[in-house]
Amino acid sequence: MIVAIDGPAASGKGTIARRLARYFGLPHLDTGLLYRATARVLIDEGGRLDDVEAAVAAARGLALTEFDEEKLRGREMGEAASVVGAIPEVRAALIDMQRHFTQHPSGAVLDGRDIGTIIAPQADVKIFVTASPETRAQRRALELRGRGEAVNYPDILDDIRKRDERDAGRSAAPLKPAADAEILDTTDLDIEAAFRAALAIVEKKRG
Ligand code: CDP
């Protein structure tokens, strides 16, 4: 079974994807980490985020096993990921790795922006997770503070709005629900309730 989870920043898609993967015993790929890691290489090299050639080389050189999530989850890297994620050549360089992941014999759970539309249009279940910008900003501010970053809510809300615009407005794989995706609005749901709702969608699809 392939489960595709897409949605905007801090919608809860990562948590839902992880929980579903654990529940069904499937491997999970957080595809946002690929874009974050690509941006990280460019920043570490002192290069520019819009240097297409360097960004493609960085994307091609990624090794899934070497990700240091702690270094990739910060605010700066989320923003940088959304800049490199808008480069069509970078997206193309990351497609094979993601599609390969879907070919695991038991299936897989992937979360991102274009899983149901581009990476795995054949997915058995597609869920588009969303929530109001205000709720997402609150969640992201809490998460970043938990990581020790000093952030304030208005700045994070501003980040979220700009990122929504960039992710949905780009020409390469814009953020949008697949035609056959179920929309799951988590604005008023806590983690447990969101997971239960996602599980109900999977169970319904599987008949
Ligand atoms: O939770 P959040 O959205 O902040 O983080 P993420 O899922 O790691 O995504 C970071 C950025 O990477 C997004 O804003 C997208 O621009 C980009 N991304 C993408 O373009 N395609 C994906 N499949 C995953 C992430």
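The structure under discussion appears in the preceding block.
This section reports on the structure supplied with the text. (Residues numbered from 1 in each chain as written. Predicted model: local features only at pLDDT ≥ 70, side-chain atom pairs only at ≥ 80, totals over all residues. Heavy atoms only, no water.)

Let us now look at the site of the ligand. Around the ligand, a shell composed of 17 residues is seen, among which R36, R113, R140, R163 and D167 lie nearest. Between the ligand and R113 there is a distance of 2.5 Å, counted from an oxygen atom to a side-chain nitrogen or oxygen. Measuring from an oxygen atom of the ligand, one finds a side-chain N or O atom of R170 at 2.9 Å. Protein coverage of the free-state accessible area of the ligand, which is 520 Å², stands at 97%. Among the secondary structure elements, those contributing two or more residues to the shell around the ligand are α2 (32-44), α5 (75-84) and α9 (153-169). (Near = heavy atom within 4 Å. Polar contact = N/O pair within 3.5 Å; in protein donor to acceptor, adjacent residues only side chain to side chain. Areas by Shrake-Rupley, 256 points an atom, 1.4 Å probe, with all protein chains shown as cover. Helix = DSSP H or I, 4+ residues; strand = E, 2+ residues; numbered from the N terminus.)

For helix α6 (residues 88-102), built from 15 residues, the straight-helix expectation of 21 Å at 1.5 Å per residue is met to within 8% by its first-to-last C-alpha distance of 21 Å. Approximately 35° is the largest bend angle found in α6, and it occurs at I95. The set of residues buried in α6 consists of V90, R91, A93, L94, I95, Q98, F101 and T102. (Expected span 1.5 Å × (residues − 1). Bend = angle between axes of the 7 residues up to and from the residue. Buried < 20%, exposed > 50% of the residue type's maximum accessible area, 1.4 Å probe, protein only.)

Glancing now at the pairing of strand β3 (residues 108-112). Of all 5 residues in β3, 5 are buried; the element is thus mostly enclosed. Of the two faces of β3, the one holding A108, L110 and G112 and the one holding V109 and D111 are both buried throughout. Summarising the sheet, strand β2 (residues 28-30) and β3 pair through 3 bridges and their orientation is parallel. In the strand pairing of β3, D30 is matched with D111. (Pairing = 2+ DSSP bridges.)

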